Structures are given as structure tokens and as C-alpha cells.
Amino acid sequence: MGRELSYIIGSLIRWGIFFGILYLIFTNFGTFLLILFALVVIAYIVIYQFKKKLREHNNSFRFTFNGQDFRSSSQNGGYDFNFEQFQEQFRRGSFNTNAPFSEVEQAKEFFGFTTTPTKEEIKKRYKELAKKYHPDINGQDDALMQQLNHYKEVLLKAFGN
């Protein structure tokens, strides 16, 4: 009998709350709309802040790569990958070239650069080498001059930004 009485009282309370809410909705519809609007605004602010933090988290991502899997070419199915060369190119940020690493290095060696050159340094060194390798000045064929022009383009593509 005690359980039945508590069940009846619980049901009466639930129905009372339900009808009380219906009464408030229909008698104070403006208040209900204000509360509903406030809940929507709060939900929007919470979602906006969550998305903002998510964007900040995604923008702060930094790519790190240690290359442990690429150190030995025999363990990687015969891949010939030089991690130190990759790491140097990545550190300098010079991946904006269409030329292979070796061609950029050859061009730097041909021009006599040991560090990453600027556009002005490339042009200055080009003028010096053009005087040295020009076929009209040194009496040789134009093979060195053509190589100089090619390597100038390679360096400007790689470092001229």
C-alpha cells in the first residue's frame, strides 16, 4: 500500500508540474519566448566559443618529424632518403622550388654560396660570374654562360621570393 501511495503522489506531482508549465506557457507567452530566446543565445555563444578554441588549436599545430624510420635505406625497402638534407631544406623553408635538391645545391656551389642567398646576392654574384664566363671576354665557348643562366633561374626560383 505504501508503494502505491508513493506512486500516486509521484504521478500527481509530475502531472502538476506538467500542467503548471502549460499554464505558464499560455498565460505568460511573452515570458516564455524571452526565456526561449535567452536559451538560444546562450547556446549560440557556447558553440561560437567552442569553434573559436577549436580554430585556435588547429592553427597552433606544428609539424614535427624526426625521420627515425628513414635513417637506414635497407630497412625501408630500398628507399634512398637523406633525412639530414630534408631537415636542412625544411628548416630553411626552401620547398617552393620545382628543382630537385641536388640541382639547387649544384647551383649554390656553382655560384659559390654556402648559405641561403637573397635575391640581391644572386643578382650581384651573377654579374660577377657573367663577366668571368662571357664568351666574348674569355674567348671560350658559351657552355659556362648557359650553365650560369640556368643556375641563376634555379636559384631565383628557389630563393628569390
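In this report, the structure presented in the accompanying data block is examined. (Residues numbered from 1 in each chain as written. Predicted model: local features only at pLDDT ≥ 70, side-chain atom pairs only at ≥ 80, totals over all residues. Heavy atoms only, no water.)

What to know about helix 7 (residues 143–159)
Threshold: Only DSSP runs of H or I reaching four residues or more are called helices, and only runs of E reaching two or more are called strands; each is numbered from the N terminus. One fewer than the residue count of a helix, multiplied by 1.5 Å, yields its expected span. Each residue is placed in one exposure class: buried if its accessible area under a 1.4 Å probe, protein chains only, is under 20% of its type's maximum, exposed if it is over 50%, and partly exposed if it falls in between.
A rise of 1.5 Å per residue sets the reference length of helix 7, with its 17 residues, at 24 Å; its end C-alpha atoms lie 24 Å apart and thus fit the reference within 8%. Within helix 7, burial applies to Met-145, Leu-148, Tyr-151, Lys-152, Val-154, Leu-155, Leu-156, Ala-158 and Phe-159.

A word on a positive patch on the surface
Selection criterion: Like-charged residues within 9 Å of one another, or nonpolar side chains (Val, Leu, Ile, Met, Phe, Trp, Tyr) within 5 Å, are grouped into patches, provided each residue has over 30% relative accessible area and no salt bridge. Every accessible area reported is derived by Shrake-Rupley at a probe size of 1.4 Å, with residue values counting cover from the shown protein chains alone. Put simply, a salt bridge is a Lys or Arg side-chain nitrogen that is within 4 Å of an Asp or Glu carboxyl oxygen. His is not counted, nor are the chain ends; Lys and Arg add positive charge and Asp and Glu add negative charge. Just so you know, the charge point we use is NZ for Lys, CZ for Arg, CG for Asp and CD for Glu.
Taken together, the side chains of Lys-119, Lys-123, Lys-127 and Lys-131 make up a positively charged region of the molecular surface. If you trace the backbone, Lys-119 turns up in helix 5 (residues 119–133).

Side note on the nonpolar core
We apply this condition: As used here, the term nonpolar core means buried Ala, Val, Leu, Ile, Met, Phe, Trp, Tyr and Cys residues forming a set that is joined through side-chain atoms within 4.5 Å. In what follows, residue pairs with any heavy atoms lying within 4.5 Å of each other are defined as contacts.
Formed by 18 residues in total, the largest nonpolar core has its most connected members in Phe-110, Phe-111, Ile-122, Tyr-126, Leu-148, Leu-155 and Phe-159. Every element with two or more residues in this core is listed here: helix 4 (101–111), helix 5 and helix 7. The element best represented in this core is helix 7, accounting for eight residues. Every residue in contact with Phe-110, bar those within four places of it in the chain, is listed here: Leu-129, Tyr-133, Leu-144, Gln-147, Leu-148 and Tyr-151.

Considerations on the packing of aromatic side chains
To be explicit about the condition: Paired rings are identified among Phe, Tyr and Trp, the last through its six-membered ring, by centres lying within 6.5 Å, and are further divided according to the angle between planes into stacked (under 30 degrees), edge-to-face (over 60) and tilted (the rest).
Applying the stated criterion across every chain, the model contains six aromatic pairs. Taking the centre distance of 5.6 Å and the plane angle of 35 degrees together, the rings of Phe-110 and Tyr-133 count as tilted. One end of the pair, Phe-110, is in helix 4; the other, Tyr-133, is in helix 5, with 23 residues separating them in the sequence. Each member of the pair, Phe-110 as well as Tyr-133, carries the same accessibility label: buried. What links up through ring pairs into an aromatic cluster is the set Phe-110, Phe-111, Phe-113, Tyr-133 and Tyr-151.

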